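Here are the chains, one letter per residue:
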Amino acid sequence: MITIGMCTDSDTAEQIKKWINDEWNNTLLFNYCDYKNRKELLDSLENHADIPNLLFYDLDVEDDSYEALRNVRRINSSVDIIIIQKDDEHLLEGPLFRAYGYVRSPIKWEIIKPILNNYFDKDIDNSRIYTVTVNREPHKINLDDVYYFESRKRIIYPHGNNVDMHFYKKLEDLERELSSKGFVRCHRSFVVNAKYVDEVHREYLIIRGERVSVGREYYQQSDGSIWKSLRKWSRYGAIIGVGSSFDGVIFRIKPEAEIVFGRDAVYSDIVINDDHVDGKQGVLVFHQQNKTYTIHNVASAAVVVNDKEKIYLGESVNVRSGDFFNVEGSIQRFELG
């Protein structure tokens, strides 16, 4: 499903929706987010609620719209923006916002259509649309909206966002059809979307806060397949536990997010129950642009990288996928994905 945000007046928003639905509703799925004002838009992006793929943004140079647009880019650099403006006076500032396109107000269909044609043709992967039969009628599912599929008595129930339906299908057939699209079988009843897997444990996965069971016979296969899929998914990094209590556990890392590791659960995202580890031991950051990580040591105990380089209190080091680290004296090691 393509989520389109509208930060413009209601008449313009409704006209754009009508044009899009009339032209593409038979081939693409759309979800619309209307923002009453710029604060509502920024709050929604901050809270990761229905982040739009494409945003129509009415640029009124008489108020704080430029500053708001800078904040949109600060919060989310991936959303594509079509800027609506009354005149060309401030076009030179446009490249600062990396806009997908510009249109003059009032919007004309002959102007906006080629921009949208180009966007939908080049930037939307139609292979992510999966068609199923419900009551003898074809229904489309956007695979990016599905966190996982559950099978109960040969009825398939998708779990995710805007996927309230069920259909008849063998889970084996579903697994075969979706294996090349980032979906992994982890249990006799579950096929999961690898990109939504937050943690991998021997008996369960964490997907958007939910536990999804892992069958014993699927663990080795699902662990490897999920990790392979995660590595292909360039937006996220990962920390993989090696040995001890976190052996095989995978933690996803969002770009530029700070992951704290230590012994104290009050401060730490990854809690290491080991006396060699300080309460708040260190901070790890994943840099999406160059696929590297930075480890900051904020404790007296040293952090050891690749069994040789020691990072002391107040020091930082840049590391890459495949590097290992542990706190000096601790048997719990981690690999960076």
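Residues numbered from 1 in each chain as written. Predicted model: local features only at pLDDT ≥ 70, side-chain atom pairs only at ≥ 80, totals over all residues. Heavy atoms only, no water.

**Student:** Explain the overall build of the chain here, please?
**Tutor:** Counting its regular elements, the chain contains six helices and 26 strands. Sorting the 337 residues of the chain into buried and exposed places 48% on the buried side. When the accessible surface of the chain is summed, it comes to about 17,900 Å², and 44% of that surface belongs to carbon and sulfur atoms. (Helix = DSSP H or I, 4+ residues; strand = E, 2+ residues; numbered from the N terminus. Buried < 20%, exposed > 50% of the residue type's maximum accessible area, 1.4 Å probe, protein only. Areas by Shrake-Rupley, 256 points an atom, 1.4 Å probe, with all protein chains shown as cover.)

**Student:** Is there a simple way to explain the sheet that holds strand β26 (residues 333–336) in this structure?
**Tutor:** Either a parallel or an antiparallel arrangement is found when strands of a sheet pair, and the pairing is made through backbone hydrogen bonds. One open sheet holds the nine strands; their spatial order is β15-β14-β13-β17-β16-β26-β25-β22-β23, and the pairing between them is antiparallel. In the strand order of this sheet, the two ends are held by β15 (210–213) and β23 (309–311), each with one partner. If you compare each strand with its neighbour and ignore which way they point, the axes differ by 25° on average. Two elements, strand β22 (residues 303–305) and strand β25 (residues 324–327), share three bridges in a ladder whose sense is antiparallel. (Pairing = 2+ DSSP bridges. Axes fitted to C-alpha atoms, helices over the stretch in contact; angles between N-to-C directions.)

**Student:** What is the right way to read helix α5 (residues 171–178) from this model?
**Tutor:** At 3.6 residues per turn, the α-helix brings residues three or four places apart onto the same side. Of all the residues in α5, the buried ones are L171, L174 and L178. Relative to the axis of α5, the buried residues are bounded by an arc of 60° and lie together on one face. Residues of α5 that are buried make contact with β6 (129–134), β8 (146–152), β9 (155–160), β11 (183–187) and β12 (190–193). (Arc of directions from axis to C-beta. Contact = heavy atoms within 4.5 Å.)

**Student:** Would you mind showing me how to read the packing of aromatic side chains here?
**Tutor:** Any two aromatic rings considered together are summarised by their centre-to-centre distance and by the angle between their planes. Within the structure shown, the criterion is met by 16 aromatic pairs. Ring geometry for W19 and W109: centres 5.5 Å apart, planes at 35°, overall tilted. Here W19 is found in helix α1 (residues 10–24), whereas its partner W109 is found in helix α4 (residues 109–123), with 90 residues between them in sequence. With relative accessibility at 22%, the residue W109 sits in the partly exposed group. Put simply, the rings of W19, W24, F30, Y32, Y100, W109, Y119 and F120 touch in pairs and so form one group of aromatic residues. Lying across the ring of Y157, R152 places its NZ or CZ 4.0 Å from the centre. Between the NZ or CZ atom of R211 and the centre of the ring of Y204, over which it lies, the distance is 3.9 Å. (Phe/Tyr/Trp six-rings, centres within 6.5 Å; stacked < 30°, edge-to-face > 60°. Lys NZ or Arg CZ within 6 Å of the ring centre and 35° of its normal.)

**Student:** Is there a simple way to explain the sheet that holds strand β24 (residues 316–320) in this structure?
**Tutor:** Taken together, five strands build an open sheet; the order of strands is β19-β18-β20-β21-β24 and the sheet is mixed. The open sheet has two free edges, formed respectively by β19 (270–271) and β24, since each of these has just one partner strand. Here strand β18 (residues 258–262) runs beside β19; their pairing, made up of two bridges, is parallel. When the bridges of β19 are listed, G262 appears paired with V271.

**Student:** I keep staring at unusual backbone geometry and nothing clicks. Help me out?
**Tutor:** Outside of glycine, negative phi angles account for most residues, and trans bonds account for most peptide bonds. That bond from S105 to P106 is cis: its omega, 0°, falls within 30 degrees of zero. By the secondary structure assignment, P106 is in the loop between β5 (101–104) and α4. A positive phi angle, close to 50°, is found at R208, a residue other than glycine. Looking at R208, the relative accessible area reads 47%, which means it is partly exposed. Residues other than glycine seldom take positive phi values, yet S244 does so here, at roughly 55°. Looking at the element boundaries, S244 is found in the loop between β16 (237–242) and β17 (250–253). Judged by its relative accessible area of 45%, S244 is partly exposed.

These figures come from the coordinates and say nothing about function on their own.
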